[in-house]
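Inside the fold
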Amino acid sequence: MRLRSLIYCCLTLLTLPVASAFAQEALPPSSWQQTGPEAHAERFLDLMVEGKLDNAFKALLGNTKNDALDKLKFEIYSAYKKSGKPYGYEKILKQTAGKSVMRLRYVLLFKNMPKTFDIYYYNPTGQGWKLRTFSYIKDIKKIFAQ
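Residues numbered from 1 in each chain as written. Predicted model: local features only at pLDDT ≥ 70, side-chain atom pairs only at ≥ 80, totals over all residues. Heavy atoms only, no water.

**With respect to the overall build of the protein chain**
This is how the line gets drawn: Secondary structure elements follow DSSP: runs of H or I of four or more residues count as helices, runs of E of two or more count as strands, with numbering from the N terminus. The buried label goes to any residue with under 20% of its type's maximum accessible area, the exposed label to any with over 50%, and the partly exposed label to all in between, with areas taken from a 1.4 Å probe on protein chains only. Any two residues having at least one pair of non-hydrogen atoms within 4.5 Å are treated as being in contact.
If you tally the helices and strands in the protein chain, you get 4 helices and 4 strands. Going residue by residue from the N terminus, the α and β elements of the protein chain occur as α-α-α-α-β-β-β-β. In the protein chain, which comprises 146 residues, the proportion classed as buried is 31%. Of all intrachain contacts in the protein chain linking residues separated by at least 6 positions in sequence, the fraction that spans at least 24 positions is 44%.

In structure tokens form, the structure reads like this:
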């Protein structure tokens, strides 16, 4: 009886680390959606990778229109013509200034050259992050500058 209890306890203890390892790899339910600044920025980049540029800028900015935005769209369209669709993207920086300002830096991975976006969010009241501004960095060396 003691031997059987001892074997049962040992087997139970052996399965605990395995169960927790599986739990770490578990994916959220299919209906689950991430929210917040990173989800907003990554939705924009997902659409860029899919080649849906107009939808990407609409997801990021809504219906905002101005000359600077038109110039940026033209530059991105030109990059697509030269290099094709990007292969993916990477988040390379998440930086906060206090509790109410956040900067996310992503690299869009084209075949020949990465394109970098800094996306800034603001949350002064603690009731939700809002896109404040974003910038497009052409010079690869500036990826390493702080």
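Continuing now.
**What to know about helix α4 (residues 67–83)**
This is how it is decided: To estimate the expected span of a helix, count its residues, drop one, and scale the result by 1.5 Å. Throughout, the arc means the angular range of directions from the helix axis out to the C-beta atoms.
Spanning 17 residues, α4 covers 24 Å between terminal C-alpha atoms, matching the ideal 24 Å at 1.5 Å per step. Those residues of α4 not exposed but buried are Leu69, Leu72, Lys73, Glu75, Ile76, Ala79, Tyr80 and Ser83. Buried positions in α4, seen along its axis, are confined to an arc of 160 degrees and lie on one side of it. Opposite its buried face, α4 presents the exposed residues Asp67, Lys71, Phe74, Lys81 and Lys82, each directed more than 90 degrees away. Summarising the contacts, the buried residues of α4 are in contact with α2 (37–49), α3 (53–61), β3 (114–122) and β4 (130–137). With its phi angle positive at about 80 degrees, Gly84 sits one or two positions after the end of α4.

**Digging into the confidence of the model for the protein chain**
Rule in force here: Every residue is assigned a pLDDT by the predictor, reflecting its confidence on a scale from 0 to 100.
For the protein chain, per-residue confidence averages 78 on the pLDDT scale, and 75% of positions sit at 70 or higher. Contacts for the low-pLDDT stretch residues 13–33, under 50 throughout, to residues beyond four places or in other chains number 0 contacts.

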